[in-house]
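Per-entry structural report
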Amino acid sequence: MTTTSPEREILPLYQMMNRIPGGLMLIPLVIGSVLGTFAPGFLGLGSFTTALFAESALPLIALLIFATGTQVTVKTSGPVLATAGVVLLCKSVIPATLVILLGTVVGIDGILGVSILALLVAVDNSNGGLWLAFTGRYGDKRDRGAYIASAINDGPFFSLLFLGASGLAEIPVSAMVAAVIPFVLGMVVGNLNPHWREVLRPTPAIVIPFFALALGTGIDLNAIVTGGAAGIAVGIVVAPVTGLLTYLGYRFLLRRGYRSGIGFAAGTTAGNAIATPAIVALADPRFEPYVETATAQVAASVLVTAIIAPLLASAALKREGGLLTEEEVARIDDMELGIKEPQL
């Protein structure tokens, strides 16, 4: 009987990336930001090059959302919705309320060169793509399904709501429905034909590096220079503070124990939040003088939080014994979500 010897590896790239907590997401993200800043011509070559490296983020994230839906049964949908609600409460509602309370004390000028507009826009939303990338590797069905929170807080709604711009504070229902449809369809398919759960189970490991790189191409490294020290400081504050709030929600509201560190991955600023200051100014012209500076500071926060949040989440998981292998996460996914998780 002949045996096939394993093919010799010239460079173990996958293993090297996997040694870094969140590396399968973080390294492509940084590479993408370098390409987008210094080699935009390469990304604009067209055809499959542009389609894969510059324009693939949304389709691949949508595929991951659909695949996540197939893993959620009707019996286990309650924990998914509970997790999404806690993330929304701790990442958006509580931080936004605290910023508004600060604004009543110091005024809309803010503190230390950071306006209330910039601070609010940086804290009241989250980067759904990065959340899916991190939870796709380290989280289970509950965590991946909680991306719904990002679908709700994405965009200017919370900023408009908390700033009192009632004339424009209408929930973008169509956008929210469009974001949730792939997840719901995935649930329908997975419950009608469980075989699809097994077919789509490897999806996170396949798509995460590619959509992370594509997300990175939309992050301009010049934003750090433009945003200056204040913009960097915003990101340095947003990641641990909002991440800690979500961590506390995981630990004390969801009672996730040694897996609570995943909450730190929510401590991000969404990429499209860069456009929110201008939208707010249209609703209330008093904020017009702050738009340019706030936009640069929010852009810096997008990049800084994208780097810090997964590192904090990985460190918290590692400290508490929750930084599991892919096989261990798969075993958790295979359990009924209502019973106690195994103590590893």
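Scroll up to find the structure this text is about.
Residues numbered from 1 in each chain as written. Predicted model: local features only at pLDDT ≥ 70, side-chain atom pairs only at ≥ 80, totals over all residues. Heavy atoms only, no water.

1. Digging into the overall build of the protein chain
For the protein chain, the count of helices and strands is 18 helices and zero strands. Within the protein chain, the fraction of its 344 residues that count as buried is 49%. Taking the intrachain contacts of the protein chain between residues at least 6 apart in sequence as the baseline, contacts between residues at least 24 apart amount to 81%. Total accessible area on the protein chain is roughly 15900 Å²; 69% of this is exposed by carbon and sulfur atoms. (Helix = DSSP H or I, 4+ residues; strand = E, 2+ residues; numbered from the N terminus. Buried < 20%, exposed > 50% of the residue type's maximum accessible area, 1.4 Å probe, protein only. Contact = heavy atoms within 4.5 Å. Areas by Shrake-Rupley, 256 points an atom, 1.4 Å probe, with all protein chains shown as cover.)

2. Details of the packing of helix H8 (residues 128-138) against helix H17 (residues 291-320)
In the contact formed by H8 and H17, the axes pass within 11 Å of each other and the chain directions differ by 25°. With respect to each other, H8 and H17 are oriented roughly parallel. H17 is crossed by H8, and the crossing has right-handed handedness. Contact with H8, carried on its side by Leu130, Phe134 and Tyr138, involves Ala306, Pro310, Ala313, Ser314 and Leu317 of H17 and no other residues of that element. (Axes fitted to C-alpha atoms, helices over the stretch in contact; angles between N-to-C directions. Parallel < 35°, antiparallel > 145°, perpendicular 65-115°, else oblique. Left-handed = near helix turned anticlockwise from the far one by under 90°.)

3. A look at the packing of aromatic side chains
Ring pairs (aromatic) are described by centroid distance and by the angle formed between their planes. Per the stated rule, a full pass over the model turns up four aromatic pairs. Note on phenylalanine 134 and tyrosine 138: the rings are 4.9 Å apart at their centroids and 40° apart in plane angle, and the pair reads as tilted. One end of the pair is phenylalanine 134 and the other is tyrosine 138, both in helix H8 and four residues apart, which spans about a single turn. The buried category is assigned to phenylalanine 134, whose relative accessible area is 2%. Residue tyrosine 138 is classed as buried on the basis of its relative accessible area, which comes to 4%. (Phe/Tyr/Trp six-rings, centres within 6.5 Å; stacked < 30°, edge-to-face > 60°.)

4. With respect to a nonpolar patch on the surface
Taken together, the side chains of Val30, Val34, Phe38, Ile307 and Leu311 make up a nonpolar region of the molecular surface, amounting to roughly 410 Å² of accessible area. At the level of elements, helix H2 (23-38) and H17 are the ones that each hand at least two residues to the nonpolar patch. Among the elements that make up the nonpolar patch, the one with the highest residue count is H2 (three residues). With respect to the helices, strands and loops of the structure, valine 34 is situated in helix H2. (Patch = residues over 30% accessible without salt bridge, like charges linked within 9 Å, V, L, I, M, F, W, Y side chains within 5 Å. Salt bridge = Lys/Arg side-chain N within 4 Å of Asp/Glu carboxyl O.)

5. A look at the layout of surface pockets
Of the volumes computed, that of the second largest pocket is approximately 350 Å³. Lining of the second largest pocket is provided by 19 residues; of these, Gly136, Arg201, Pro202, Pro204 and Glu326 occupy positions nearest its centre. Of all elements in the fold, only helix H5 (57-70), H8, helix H14 (203-216) and helix H18 (326-334) reach the threshold of two or more residues within the lining of the second largest pocket. In the lining of the second largest pocket, the residues fall into eleven nonpolar, three polar and five charged. (1 Å grid on protein atoms, 1.4 Å probe; cavity = no way out; pocket = protein on both sides within 12 Å on 5 of 7 lines; lining within 4 Å. Points joined across faces, edges and corners; volume = space filled by probe spheres on them. Nonpolar A, V, L, I, M, F, W, Y, C, P; charged D, E, K, R; others polar.)

6. Some details on the pattern of salt bridges
For the structure on display, the rule yields six salt bridges. Its salt-bridge partner being aspartate 140, residue arginine 256 comes within 3.3 Å of it at the nearest N-O pair. In this pair, arginine 256 sits in the loop between helix H15 (222-253) and helix H16 (276-283) while aspartate 140 sits in the loop between H8 and helix H9 (141-145), placing the two residues 116 residues apart along the sequence. Each of the two residues, arginine 256 as well as aspartate 140, counts as buried. We note a salt bridge from arginine 319 to glutamate 320, for which the minimum N-O separation is 3.5 Å. What makes arginine 319 exposed here is its relative accessible area of 59%. Through salt bridges that share partners, Asp140, Arg142, Asp143 and Arg256 make up one connected network.

7. Considerations on the environment of leucine 24
For leucine 24, the location among the structural elements is in helix H2. Relative accessible area serves as the criterion here: at 9%, leucine 24 is assigned to the buried category. C-alpha separation for the pair leucine 24 and proline 209, spaced 185 residues apart in sequence, amounts to 5.5 Å.

8. What to know about unusual backbone geometry
Glycine aside, residues mostly have negative phi angles, and peptide bonds mostly take the trans form. In this structure, serine 47 takes a positive phi of about 55° despite not being glycine. With respect to the secondary-structure elements, serine 47 resides in helix H4 (residues 47-53). Under the relative-accessibility criterion, serine 47 is labelled exposed at 59%. With a phi close to 55°, arginine 255 is a non-glycine residue in the positive phi region. Assignment of secondary structure puts arginine 255 in the loop between H15 and H16.

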